[in-house]
Structure formats: C-alpha cells, structure tokens
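Structure at a glance
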Amino acid sequence: MATLLLGRFALNRAVNLGLTRMIGNSLNRRTMHLHQNHAFINGKWVGARSGLTFDVTNPANEQVLGTVPDMDINDVNDAIDAAHNAFYDKKWHNSTAKDRAALLKKWFQLLEKNRKEIALIMTAESGKPIAESEGEITYGNSFVEWFAEEARRVYGEIVPTPQSNRQMMLVKQPIGVAGLITPWNFPHAMITRKASAAIAAGCTVVIKPAEDTPLTALALTKLAEEAGFPKGVLNVVTSSRKNAASVGKLLCQSEKVAAISFTGSTEVGKLLYKQCANGIKRIGLELGGNAPFIVFKSADLDKAVIGAMNSKFRNCGQTCISANRFLIQDEVHDEFISRLTEKIKALKIGDGSHDGVQIGPLINHAQINKVTQFVEDAKQKGANVVLGGRQLSEHGALYFEPTIVSHLRDDMKLYREEIFGPVVSIIRFKTEEEALQIANATQRGLAGYFYSNDLNQVFRISKLLETGMIGVNEGLISAAEAAFGGIKESGIGREGSKYGIDEYVYIKYLCYGGLE
Ligand code: SIN
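Counting of residues starts from 1 at the beginning of each chain's written sequence and follows it residue by residue. Where local features are concerned, this predicted model is filtered to residues with pLDDT of at least 70; where side-chain atom pairs are given and counted, the filter is 80 or more; whole-chain, interface and lining totals use all residues. Each side-chain value is worked out from all heavy atoms of the structure, with water and hydrogens disregarded.

Things to note about the site of the ligand
- Throughout this document, a residue counts as near a molecule or strand when at least one of its heavy atoms sits within 4 Å of that molecule or strand. The environment of the ligand is made up of 13 residues, and the closest members are Tyr139, Arg193, Arg314, Cys320 and Ser478.
- Think of a polar contact as two N or O atoms within 3.5 Å of one another; within protein, one of them needs to be a possible hydrogen donor and the other a possible acceptor, and neighboring residues in sequence only count if both atoms come from side chains. At a separation of 2.7 Å, an oxygen atom of the ligand approaches a polar backbone atom of Cys320.
- With respect to the ligand, the side chain of Ser478 contributes an N or O atom lying 2.5 Å from an oxygen atom.
- Notes on the ligand: free accessible area 260 Å², of which the protein chains cover 100%.
- Any residue outside Ala, Val, Leu, Ile, Met, Phe, Trp, Tyr, Cys, Pro, Asp, Glu, Lys and Arg is labelled polar, Gly included; the first ten of those are nonpolar and the last four are charged. Grouping the amino acids of the shell around the ligand by side-chain chemistry returns six nonpolar, four polar and three charged.
- Both domains that meet at the shell around the ligand, namely domain 1 (7–35 + 46–287 + 494–503) and domain 2 (291–478), each give it at least three residues. Note on areas: these come from Shrake-Rupley sampling with a 1.4 Å probe, and a residue is covered only by the protein chains present in the view. Reported domain spans reflect what an automatic or database domain assignment gives.

Structure follows, in structure tokens:
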C-alpha cells in the first residue's frame, strides 16, 4: 500500500513537474488544452476586433506566459448582444431549473477532473502557492456544485389574499444579462461564485476577468464550453488595464445589462455604483475591508496564532477578508507577538510552483510599491518593525518579507487602509470597550475576527462588531454555504449561501382577480 501510494505520488509529481515546466516555458496550447489565448463570445473563441492583445506575466519571475485579446467596448457590445439574444431570443430565460442544474453539475465535474491543470495556470499567473491554488479550486468548484443544487430551490409564494375573489402569487424570475467584473486575487472562485449563481437563476453572463489573471478565467470557460453551455449564456471578454474603465462603464450603462456584480476595491466599486445609478441597475458589490482581528486575554493563544496565520497569510495577505489590524489585549500582547514571530519565521518563501512554498510574490509592481510605502509610512511615524519590513529582491521584484509592525497609531496607513500584503500590524488595547471602539472606527465593514473564551464576551462582541462576517475563534471563514458580504463601504448584497441567487432574480407579484 505504501509503495502504491508512493508510486502514485511520484507519478503525480512527475506530471506536475512536467506541467510546471511547460507553464514556466510558455503555456503550450497543443499540450495544455485549457490554455486559451482568445476570449469567448457567443460560443466562439475570438480575438479583439482591433486585433490587439496584451501579455499575461508570471509575478514570480515576470516572464510572459501568453497573450490574450485586448478587447474594447466594441467587443464588449458583441458579448452583451450575445448574452441578450441568448436570454430573450434563444429563450434561456425559459430553460428549466432542472436543465440548468444538470449543466452546472457537468461543469463542476469537469472542473474537478481538471483541477491540477487549473491550479498550475492559476499559480503561474497569480503567484499563489500551488497548495493554495488547489485550495481555491476546491473552494471555487464548491460554488458551482452549491448553485447547481440551489437552482432547483428558487421557490415563489402563494400569499393569503384579503379578498376571496383574488389569488396572489409571488414568483421569482431571472433578471436578465448579468455583467460580472472579477478580481485577480481569487481568479477562479470569484468567477464561479458569481457566474454559477447567475446561471442557476436563469440569467446569462458577460464576465470581465482581471487583466492580471485572465488565463484561469479562460480555462474555466473552456470547461464550460465542454460542459455544453448554450451559445451566448456565458461570455468572457479580456481587456488590459487601459480598457478596463471603459469596459466597466459600458457594462454598467448598457440597457441590455440588467445586473452588475463586482468584487474589487471600494474606490472602483463606488464608481461602478454611480455608473449604474442612471439605469437604476441592480448591483452587488464586494469591496475592500479593514478587518480587525481581536485577541482578548481569555483567548486560547495557540488557536489565535493559527487563526492569525491563516487569515493574514492566505494568498500572501491579498484577500479582502484578510486580518488588517491586530488588536491584542495588554495581558497577552507580548506573548502573542512572540509566538506569532516564531510561526512567521518558519514560512517558506519563493516561486509558488515550487514544493512547500507558502508565500509567493505580490501580484504586480503597484501592489509591492503600496505595501512598501505603507511600512515606510509607519516606520517614519514611529511604529516598531518587529520582523521583516523589506522587499526580498533576492527572490524577484515582487516579493515582500512577511512582516510584523507594532505600536501602530491611527494616523498610519497600515492602520487606516487595506494593506493587501504580508504585513501584520499590531495595536495594543486595555479594555473591551477600547477594542470595540478601535475596531469599529472605520467606514469598512467586511470581515472581523476575535478570539475569546469568555462566553458573555463572545455574544457581546458578535453583536457589536460592525462587519458583515465574523470569525469567532476562527481565522478561515469562507464557504459556499455562507453568506459572503459586507456592510458600510464594504459592499452591498450577498454571495454564496441560499441568498446568492437573490442577486440575480426579481420578485414578480401576480394578482389574479375576478375569480368565481
Ligand atoms: C476576496 O478576497 O475577495 C474573497 C475572499 C474569499 O472569498 O474568501
């Protein structure tokens, strides 16, 4: 048995290494059936009308992995038309929930079957360690499975009527074409979380993946094609940073698009929200956070340290729900830092495609510049760098050392803004009231975390912490079954869970009168 397992492991490893090498060289289309260099509109793989393309690079070494079409508003109009025709003329809106569920299940099976290849593509273009990419495949696929199941439970209601000659019904109908704008930090899961909910509801979609990570999106699309998605139901347009703003604006302003769902920065979210206002368009926004991670003196410190590592270093800190401000109670402050320091020192840094690497590069130059400036700003204003604090140019241009900064003050960027990098910023507090005051003193309200073994405190803080999601003695909270979303300026709407489909349906009230 041991030999068998070893044999299989060795084989998997050989396959992995082979694929890794291919990805390292360039994503080879003949051998990598999931590597697409065209976008997908109306069931066809197409280039940009302009013929322009842009490069996709590997953040681990900045080598070019391939090119994809640099689409502009003309191409996006084609995609919107295709999605609109599929919804109305080809009658996707009339498809049965059973058929849609079957299609999503087929897609799920193909995604599962190709998980290794997708993970390699994702690591190559996002820099995410391979184990994390595989974790994201599990997470991303789980949305497809979940919404395949949920598709058949979009029930309406028969409402007790106040007049006996009337019958009142509420039915849920798909809203139409959904424009989905997705980020680079979860190149798979943010697409499946939105697209499978929309398709389960009976909508058609136009997906605009982030310019840094279009290859994963196209790989998922290839499998959707193989699963048999009808023409125009799922369209993907790729565009460079230069065209991103005009493409986003068109999706928000086109009368043929009924709903927008966006995951990304609060700044861009606000802009899209304004652009949707004129058409009173349905919009779901999952925006930036500034997550507090509070450790009270009653906490199990070992569990708190594990939670801190999971929350902070997932995807090198480039996660909207990543712990951003660590609030540590006076009595356990030094001990927490000391235990956390040991764990951080043990992290393996490097190219995410290499065995055992836990911390890869940041996604691009803008991101590493931002993280570096935030740490410099804190240093200049008197913060204490306990560990790290510098770029790791020996690994490549985009690596930042896992860092701990303590003695934070509220005028520092690390305190006020979302870091999106491997930096633990620590604030010391004395009382529960003080912790809550600091935690809630922000316009962001996506996720929050706290560790406490005091039951009364657990209930108090759960109620008073102003975030849409809370990890209580837990640092990893994401799941398809959970309602993901924020309050304040962190967004509107919910993704995943039984509520995720609601973003893509409207309730129609039917009043049948004059009944005898
Ligand atoms: C995000 O960072 O935008 C999403 C993270 C998650 O779904 O866990």
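Brief notes about the domain arrangement of the chain
- For the chain, the domain assignment lists domain 1 (7–35 + 46–287 + 494–503) and domain 2 (291–478).
- Using C-alpha coordinates to define each centre, domain 1 is positioned 30 Å away from domain 2.
- Salt bridge criterion: a side-chain nitrogen from Lys or Arg within 4 Å of a carboxyl oxygen from Asp or Glu. The interface formed by domain 1 and domain 2 contains one salt bridge.
- Here Arg444 ties to Glu267 by a salt bridge, and the two come within 3.5 Å at their closest N and O atoms.
- For the pair domain 1 and domain 2, the interface holds eight residue pairs in polar contact (both at pLDDT 80 or more).
- When its residues are assigned to classes, the side of domain 1 that touches domain 2 shows eight nonpolar, seven polar and 10 charged.

A word on the nonpolar core
- Counting 131 residues, the largest nonpolar core has Trp107, Phe229 and Phe336 as the members making the most contacts within it.
- Labels follow the DSSP assignment, with helices taken as runs of H or I lasting at least four residues and strands as runs of E lasting at least two, numbered in each case from the N terminus. For this core, the element with the highest residue contribution is helix α6 (residues 189–201), accounting for nine residues.
- The residues that make up this core include at least three from each of domain 1 (7–35 + 46–287 + 494–503) and domain 2 (291–478).
- Setting aside chain neighbours within four positions, we find Phe336 in contact with Val295, Leu301, Ala304, Val305, Ala308, Phe326 and Ile328.
- Membership of the second largest hydrophobic core comes to 25 residues, among which are Met71, Val237, Ile260 and Leu287. In this text, buried Ala, Val, Leu, Ile, Met, Phe, Trp, Tyr and Cys residues form a nonpolar core when linked through side-chain atoms within 4.5 Å. Burial status follows relative accessibility: with a 1.4 Å probe on protein chains alone, a residue under 20% of its type maximum counts as buried, one over 50% as exposed, and anything between as partly exposed. Residues are treated as being in contact if the distance between any of their heavy atoms lies within 4.5 Å.

Remarks on the side chain of Glu418
- Looking at where Glu418 falls in the secondary structure, it is placed in the loop between α13 (413–416) and β16 (423–429).
- The buried charged residue Glu418 lacks any salt bridge partner; its closest oppositely charged side chain belongs to Arg444, at an N-O distance of 4.4 Å.
- Side-chain polar atoms of Glu418 contact the backbone nitrogen of Gly289, separated by 3.0 Å.
- Sequence-distant contacts of Glu418, that is, excluding residues within four places in its chain, are made with Gly288, Gly289, Thr319, Cys320, Asn324, Lys370, Phe374 and Arg444. Neither His nor the chain ends is counted toward charge; the positive residues are Lys and Arg and the negative residues Asp and Glu.

Points about unusual backbone geometry
- Of note, the phi angle at Lys91 is positive, near 65 degrees, even though the residue is not glycine.
- Position of Lys91 among the secondary structure elements: in the loop between α2 (73–87) and α3 (97–113).
- The backbone of Phe420 sits at a positive phi, close to 55 degrees, despite the residue not being glycine.
- Within the secondary structure, Phe420 is located in the loop between α13 and β16.

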